[in-house]
Amino acid sequence: MRLKKHLVFLCLFSIFNCVFKAFADEPQRIPLAGTWRFKMDAADRGINEKWFAKTLDEQVKLPGSMAENNKGENITLKTQWTGSIYDSSFFFNPRLEKYRKEGNIKIPFWLTPNKHYVGAAWYQKDVEIPAGWAKKHLILFLEQPHTETIVWIDDQQVGMQNSMVAPHQYNISKLLSPGKHTITIRVDNRIKEINVGPDSHSLTDHTQGNWNGINGRMEIIADNLLYLEDLQVYPNLKEATAQLKIVLNNEIGKAQKGEIHISAQSFNSSKKHQVRPIIIKFNSKGASDSLVADLPMGDFLTWDEFSPALYRLTAALMVKGKKVSEKQVTFGMRSFKADGHYFTINGRKTFLRGTVDNAVFPLTGYPATDLDSWLRIMRKCKAYGLNHVRYHSWCPPEAAFEAADLVGIYLQPEGPSWANHGSSLGYGAPIDQFIYDETTRMAKQYGNYASFCMMAYGNEPRGRQVEYLTEFNNYWKAKDSRRLYTGASVGGSWPVIPNNEFMVRAGARGLDWNRQPESYSTYADKIKQFAVPFVAHEMGQYCVFPNFDEIKKYTGVYRAKNFELFQEDLADHHMADQAHLFMMASGKLQALCYKYEIEKALRTPNYSGFQLLSLNDYPGQGTALVGVLDAFWDDKGYIDSTAFTRFCDDVVPLASLKKFTFNNSETFEAEIQVANYSQNPFDKATVICYLKDELGKTLFTYTYKSKLVIGLNTLGNISYSLSAISKATKLNLEVEIAGTKYSNNWNVWVYPDKLPQLQTDVYYTTALDAKAKAVLAKGGKVFLNAAGQVVKGKEVVQTFLPVFWNTSWFKMRPPHTLGFLVNPKHPAFADFPTAYHSELQWWEIVNKQQVMVLEDFPADFRPIIQPIDTWFMNRRLASVFEAKVGGGKLVVSSSDLSPQKADGTPAKQLYYSIVKYMASADFNPKNDIKIELVEDIFKTPTKQQFDTFTKSSPDELRPKSSLQNKN
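Each value, and the rule that gives it
- Residues numbered from 1 in each chain as written.
- Predicted model: local features only at pLDDT ≥ 70, side-chain atom pairs only at ≥ 80, totals over all residues.
- Heavy atoms only, no water.
- Helix = DSSP H or I, 4+ residues; strand = E, 2+ residues; numbered from the N terminus.
- Contact = heavy atoms within 4.5 Å.
- pLDDT = per-residue confidence, 0-100.
- Phe/Tyr/Trp six-rings, centres within 6.5 Å; stacked < 30°, edge-to-face > 60°.
- Buried < 20%, exposed > 50% of the residue type's maximum accessible area, 1.4 Å probe, protein only.
- 1 Å grid on protein atoms, 1.4 Å probe; cavity = no way out; pocket = protein on both sides within 12 Å on 5 of 7 lines; lining within 4 Å.
- Points joined across faces, edges and corners; volume = space filled by probe spheres on them.
- Expected span 1.5 Å × (residues − 1).
- Nonpolar A, V, L, I, M, F, W, Y, C, P; charged D, E, K, R; others polar.

A. Representation of the environment of P827 in the model. Turning to its location among the elements, P827 is positioned in the loop between β42 (817-822) and α11 (843-846). As for P827 and N195, which are separated by 632 residues in sequence, their C-alpha atoms are 61 Å apart. In this structure, P827 is in contact with Y917 and D922, ignoring residues within four places of it in sequence.

As structure tokens, then:
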């Protein structure tokens, strides 16, 4: 019986194939890419003057933007940007005056396009319609206009569309007869009645830019008058079916009977699966008919991040045995659900490791629409251990969904709105309905993609948001069960939307490194109020110094004038030669912060995921260099994917430590855990723990034999006496799962509990007093502990953590530094093991410690410990410096280093190492400076002070009629 059924199936499938080939009547297309006539309409005269009936006299290439065609206005200080400016000091600061001059405009807020234009622009092209299209359904397809379009065929207006999330498609069947016709399209990129918010990533100059043009596929598509208008697939894993919801349109004008032949087969997996075809009969009596049918999937393949098996479904519309129309969609058999505190994919618990995609496209200024570009991005995310992408207040084009489907990435596209700065929800403004319209277009256009797992209205709104978003959630939960819904992605101060199916919120993120760093605390207390999955909103935001080598990559419509400004300003402060080292050292600190925050999320019970802000840099909002990758998705040199996936992957070994610095009278202790969100449990894992010194010598080994279930696994505690270590030593704990790629490691430092007594001639003092001056005058040595006494630099706030997001967007909110730079081979560190950058043993030495500004020191003066300033100020800073002064030799520290510190602490160990160096023959500072220069640090404020010039935000920060007048 089974053989007989199999033969019947094969025969039926063969007949279907023959029918399809014999009666194929594929939609025909006229591509519209190429040269178009063009005219700007800054004065809005085109409609009244009927430009659609005239021949426009300029030319551009489409698809593309005005900027790509070098059309628009030159950049000036009066350019009316789309986006808030929170720090207007650029417009007034005398130091930056040269960057405000015509011919040298360099703005620090975002990338600078070659041209800028906000308003209406007209595009026009002649087309020849074939004779065979006389009785066809014709669609003008514009994949990605930005943003509002009005279309005319000859002198007849077709209509207006305004979508930022889906193609504009115009039914032009009644207006295009065979022969020559003129298509005129008016594109308007202004914010008008529908205000999504000027900082929304769908249109702001902070990100992709508020470009004017048409991107992607542009064509006229001809189909039969009886056609499949829509086909949505709803997988049901439990029933092993895919429910089909079909919309059939009939423009013939009379009833039609026929069949829809459905077939589906897998196409991207090693295992092949052909679904048994079905036939759906129809009897169309009206203009539009809705049909529902179940497609039995048999022994189907599932889609997830590990095995993203996809199906291509073909629906052939048959009338009297002839195929008159056809529609193809791809889908995956998957179930993405919320089960208590966790997400599940096909019934298996998963943890979202995500990034926020901020619509950064530095070559074109608009999103790519080709598959290869998006495959590169998705594969880069996968290479860095991620399985999830959130699109901040925008929806990507179709190619992004296709790529995510193929690679296995869970997506959260959003409506195109950040209704906060200049906009709001729930008051009955046009934006309220627009959000429903846009998300409906998203669900229809992209709803079949397996990767489309989550959706939100957009980002951080204001207004009557609870009422509006509660209704929004209810609407979508009832309408489409294929994904999960959350009202909005928000910070921690936003109200909770009670019917969210998952939370994307801040509040349970960050590192509490105002206290001594550790790796045992969790976010459990901060998420206990939530009964649904919790995903950290915009985790990280740790800044790194600009990579000026990136400037040469900007070969498209944008130039990194912001980077150029920062680079020139650094040179003006005599530190141009240190730019690369600043980037590398601050990058190492950034990577360290991401490691410990991600690990904290992974070890938190009931935590469901995170969304980094972001894996790649954000070039707007003051220039937010928060990515370990640059704006082009390339790594910068301080961490690669191999290193990143040690702490960000589907499986991550974890070690809970109460601290990272020890003395040798203590015992090193750690609790070992493994976060396992892989495809399967480990039935018999061998987890090996090693403690090694810097030479690679293994001091301690411990092995666990354990099953690792899906979720967080606690294996036990390890301990090791540190008594055998007699000098300052850096150790490394490594935990690996034998026979796999999974391993992770942590540095710890051990210092002697009792330091030798140094017999030196170094005079220790907390003031540059008469005795100190006398010692120097006699050629002696002085260690000046100036902690808490600094005036020149008092305004600079240093913490161990780096700048958050950036100091421009938050008007110089502290901290202001990006870690520090040292030369680990300097003899001052002979007894203090260190890298050239921040590591955790430095926490008590630098956190909330003063820095000194060396603005009047010689140009070649370099301190022993050099904090890295925010690139908006580029002050030359020091925590510890050495110099020849008054015939003697001086070391000055603004960090609290003293002989009174307890032995076995990093601060005491560093003090010991420096004083031992001062007592040696190696102590020979390069620079000879006057004592008045040192005294000035404790008397005179910094000359270069930050002045906001304006007090409110955001509109008040825009330049007024006179840039010289303070607001």
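Okay, back to it.
B. Looking closely at the side chain of N616. On the secondary structure map, N616 appears in the loop between β31 (609-612) and α9 (641-644). Setting aside anything within four residues of it in sequence, one finds N616 in contact with V356, V360, G627, L629, D630, A631 and W633.

C. Structural view of the confidence of the model for the chain. Residues of the chain with pLDDT of at least 70 account for 96%, and the chain-wide mean is 94. Here helix α1 (residues 2-22) is the element of the chain with the lowest mean pLDDT, 40, and strand β25 (residues 410-412) is the one with the highest, 99. Overall, residues 1-25 carries pLDDT values under 50, and its contacts beyond four positions in sequence, including any with other chains, amount to 27 contacts. Note on residues 954-967: pLDDT under 50 across the span, and 30 contacts to partners over four residues away in sequence or across chains.

D. Seen up close, the packing of aromatic side chains. This structure, assessed with the given rule, holds 65 aromatic pairs. Arranged with centres 6.5 Å apart and planes meeting at 65 degrees, the rings of W374 and Y391 form a pair that is edge-to-face. Of this pair, W374 sits in helix α2 (residues 371-383) while Y391 sits in strand β24 (residues 388-391), and the two are 17 residues apart along the sequence. Residue W374 is classed as buried on the basis of its relative accessible area of 0%. Among the residues examined, Y391 registers a relative accessible area of 0% and is labelled buried. Judged by centre distance (5.6 Å) and plane angle (50 degrees), the rings of F401 and F452 are tilted. Remark: F452 occurs in the loop between α4 (430-446) and β26 (454-456) and F401 occurs in helix α3 (residues 398-407); sequence separation between them is 51 residues. You can call F452 buried: its relative accessible area is 0%.

E. Fine view of the layout of surface pockets. Estimated volume of the second largest pocket: approximately 490 Å³. Around the second largest pocket sit 20 residues that line it, and K588, L592, K595, N745 and N747 are the ones nearest its centre.

F. Representation of helix α8 (residues 579-602) within the structure. Here α8 contains 24 residues, and its C-alpha end-to-end distance of 34 Å stays within 8% of the 34 Å for a straight helix at 1.5 Å per residue. Of all 24 residues in α8, 21 are buried; the element is thus mostly enclosed.

G. Quick look at helix α7 (residues 561-572). Taking 1.5 Å as the rise per residue, α7 with twelve residues should run 16 Å; its terminal C-alpha atoms sit 16 Å apart, in good agreement. Buried residues of α7: N562, F563, E564, L565, F566, D569 and L570, and no others. In this structure, the buried side of α7 is in contact with α8. One or two steps after α7, the chain reaches H574, where phi turns positive at roughly 65 degrees.

H. Examining empty space enclosed by the protein more closely. With the rule as written, the count across this model stands at ten cavities of 30 Å³ or more. In this structure, the largest cavity encloses a volume near 190 Å³. With four residues, strand β7 (residues 137-146) is the largest single contributor of residues to the lining of the largest cavity. Here the lining of the largest cavity is composed, by residue class, of twelve nonpolar, five polar and two charged. Volume-wise, the second largest cavity comes out at about 160 Å³. Contributing to the lining of the second largest cavity are 18 residues, with A67, P113, K115, N210 and W211 lying nearest its centre. For the lining of the second largest cavity, a count of residues per class yields seven nonpolar, eight polar and three charged.

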